[in-house]
Amino acid sequence: MAGTKQFAVLGQDARQAAAGRALAAAGYAVGGAEQVPRADYLLLPLPLEAEGTALGELLGAARPGALALGGKVSAAAKTLARQAGVELVDYFARPELTVYNAIPTAEGCIALLMQHRRRTLWGSGILLLGFGTVGQALGLRLAGLGAQVTVAARRAQQRALAESLGLRAVPLDRLETAATDTVVNTIPAPVLDRRRLSSLPAGSLIVDLASKPGGTDFAAAACLGHHAIHALSLPAVCAPETAGEAVARTVQAILREREEIL
């Protein structure tokens with residue numbers, strides 16, 4: 001049991017609220033910003049940005065020995081934490097949260113595909129760029145719906161894994177050979193440039209799941225008549241309850257590991 005340890009949950013979005021409820025259900029005392037001076041732990045938002053002096057003032061108000069946990073912690077935020085004498089841990093760096101987040105990301109992407117297409121996923125060719133955690137979660141779900149999924153990946157191991165799961169696979173530098181009118185990108189690098197976009201059928205749908213700036217030349221896509229969507233933060237947008245509970249589970253795992261070390 002968590003005992004009477006106090007969390008101060010900061011942030012206004014539904015994911016943070018869900019994380020706070022999950023932590024309360026686990027036995028922690030949970031409050032908001034008013035609890036910062038007394039809290040053992042500060043649960044900070046994802047992504048954690050250093051917004052002017054606000055974050056510095058917040059961390060400066062924390063009691064000595066408090067632990068702050070944030071997601072996608074920026075270098076500026078780390079600097080502010082050091083200046084405030086507060087330990088800051090990035091829960092988004094945890095591999096289990098990456099796996100948890102891949103589930104609502106995949107479901108949210110499928111919802112977008114169904115919303116913006118005029119045909120069923122069943123029987124349709126889908127080109128999936130990248131086969132990391134998100135690509136794997138999405139590829140399997142699309143195939144389960146009857147889509148004909150082709151994975152384009154740079155690493156031979158990822159292509160072999162895709163084929164072992166019943167999907168087609170091609171090297172990333174030959175993705176033009178598998179061009180379809182529906183492409184999903186998960187690679188956080190510029191992979192869909194004008195040349196590759198030109199190989200797609202006119203009016204193709206592109207859903208880019210990669211973090212900013214994405215892997216698509218969106219200006220070129222628009223000029224070529226494609227419909228390109230940069231779908232960011234799908235867990236928080238499509239499934240904030242699930243996403244918040246995943247953050248809470250990850251944070252609890254971090255705390256248990258720290259207790260074991262001590």
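To be clear, the structure that these remarks concern was listed above.
Everything in this summary refers to the structure shown in the same document. Please read these numbers as outputs of a predicted model, since none were measured by experiment. (Residues numbered from 1 in each chain as written. Predicted model: local features only at pLDDT ≥ 70, side-chain atom pairs only at ≥ 80, totals over all residues. Heavy atoms only, no water.)

**Re helix H3 (residues 75-84)**
Here is step 1: Those residues of H3 that sit buried are Ala 77, Leu 80 and Ala 81. One side of H3 carries all its buried residues, which in axial view fall inside an arc of 100 degrees. Those residues of H3 that are exposed and angled more than 90 degrees off the buried face are Ala 75, Arg 82 and Gln 83. (Buried < 20%, exposed > 50% of the residue type's maximum accessible area, 1.4 Å probe, protein only. Helix = DSSP H or I, 4+ residues; strand = E, 2+ residues; numbered from the N terminus. Arc of directions from axis to C-beta.)

**Description of the pairing of strand S8 (residues 168-171)**
Here is step 1: Inspection of the sheet shows strand S7 (residues 148-153) paired to S8 by four bridges, in the parallel sense. Directly across from Ala 153, in S8, lies its bridge partner Pro 171.
Here is step 2: A crossover connection joins S7 to the parallel S8 through helix H6 (residues 156-164); in handedness this β-α-β unit is right-handed. (Pairing = 2+ DSSP bridges. Right-handed = clockwise from strand over helix to strand, strands pointing away.)

**Quick notes on unusual backbone geometry**
Here is step 1: Of note, the bond from Leu 46 into Pro 47 is cis; its omega dihedral lies within 30 degrees of zero at -5 degrees.
Here is step 2: Look at the link from Lys 212 to Pro 213: it is a cis peptide, with omega at 5 degrees.
Here is step 3: For Lys 72, which is not glycine, the phi torsion reads 50 degrees and is therefore positive.
Here is step 4: Locating Lys 72 in the fold gives a position in the loop between strand S4 (67-70) and H3.

**Considerations on the sheet that holds strand S9 (residues 182-185)**
Here is step 1: With parallel pairing, the six strands of this open sheet are ordered in space as S8-S7-S6-S9-S10-S11. The sheet is open, and its two borders are formed by S8 and strand S11 (227-230), each paired with just one other strand. Across the sheet, the mean angle separating the axes of adjacent strands is 20 degrees when strand polarity is ignored.
Here is step 2: Strands in contact with H6 are S7 and S8; relative to S8, the strand with the most contacts, it is inclined by about 165 degrees. (Axes fitted to C-alpha atoms, helices over the stretch in contact; angles between N-to-C directions. Contact = heavy atoms within 4.5 Å.)

**Overview of the side chain of Thr 150**
Here is step 1: Mapped onto the secondary structure, Thr 150 falls in strand S7.
Here is step 2: What makes Thr 150 buried here is its relative accessible area of 5%.
Here is step 3: With residues near it in sequence (within four places) discarded, Thr 150 still touches Ile 126, Leu 127, Leu 128, Arg 168, Ala 169, Val 170 and Ala 178.

**Some details on the environment of Ala 8**
Here is step 1: Considering the arrangement of structural elements, one finds Ala 8 in strand S1 (residues 6-9).
Here is step 2: In this structure the C-alpha to C-alpha distance between Ala 8 and Arg 38, which are 30 residues apart in sequence, comes to 8.5 Å.
Here is step 3: Residue contacts for Ala 8: discarding those within four places in its chain leaves Gly 31, Gly 32, Gln 35, Val 36, Ala 39, Tyr 41, Leu 42 and Leu 43.

**Here's the deal with the packing of helix H4 (residues 95-116) against helix H5 (residues 133-144)**
Here is step 1: At a minimum axis distance of 8 Å, the contact between H4 and H5 shows a crossing angle of 45 degrees. With respect to each other, H4 and H5 are oriented oblique. When you trace H4 past H5, the crossing you get is right-handed. Contacts between H4 and H5 pair Thr 98, Val 99, Ala 102, Ile 103, Thr 105, Ala 106, Cys 109, Ile 110 and Leu 113 from the former with Thr 133, Val 134, Ala 137, Leu 138, Arg 141 and Leu 142 from the latter.
Here is step 2: Taken together, the residues that form the contact of H4 with H5 break down as 11 nonpolar, three polar and one charged. (Parallel < 35°, antiparallel > 145°, perpendicular 65-115°, else oblique. Left-handed = near helix turned anticlockwise from the far one by under 90°. Nonpolar A, V, L, I, M, F, W, Y, C, P; charged D, E, K, R; others polar.)

**Focus on the sheet that holds strand S5 (residues 87-90)**
Here is step 1: The parallel open sheet is built from five strands, whose spatial order is S2-S1-S3-S4-S5. Of all strands in the sheet, those bounded by a partner on one side alone are strand S2 (29-31) and S5. Strand after strand, the sheet turns through a mean of 25 degrees between neighbouring axes, direction not considered.
Here is step 2: Both S1 and strand S3 (residues 41-43) contribute to a ladder of three bridges, which runs parallel. Residue pairing across strands places Phe 7 opposite Tyr 41, the latter belonging to S3.

**Here's the deal with the environment of Asp 193**
Here is step 1: Along the polypeptide, Asp 193 turns up in the loop between S9 and helix H7 (194-198).
Here is step 2: Using a relative accessible area of 31% as the deciding quantity, one classes Asp 193 as partly exposed.
Here is step 3: Here the alpha-carbon distance between Asp 193 and Val 151, two residues 42 residues apart in the chain, equals 18 Å.
Here is step 4: Here the side chain of Asp 193 touches Arg 196 through a polar contact of 2.9 Å, landing on its backbone nitrogen. (Polar contact = N/O pair within 3.5 Å; in protein donor to acceptor, adjacent residues only side chain to side chain.)

So, to be careful, I would describe these as geometric facts and stop short of saying anything about function.
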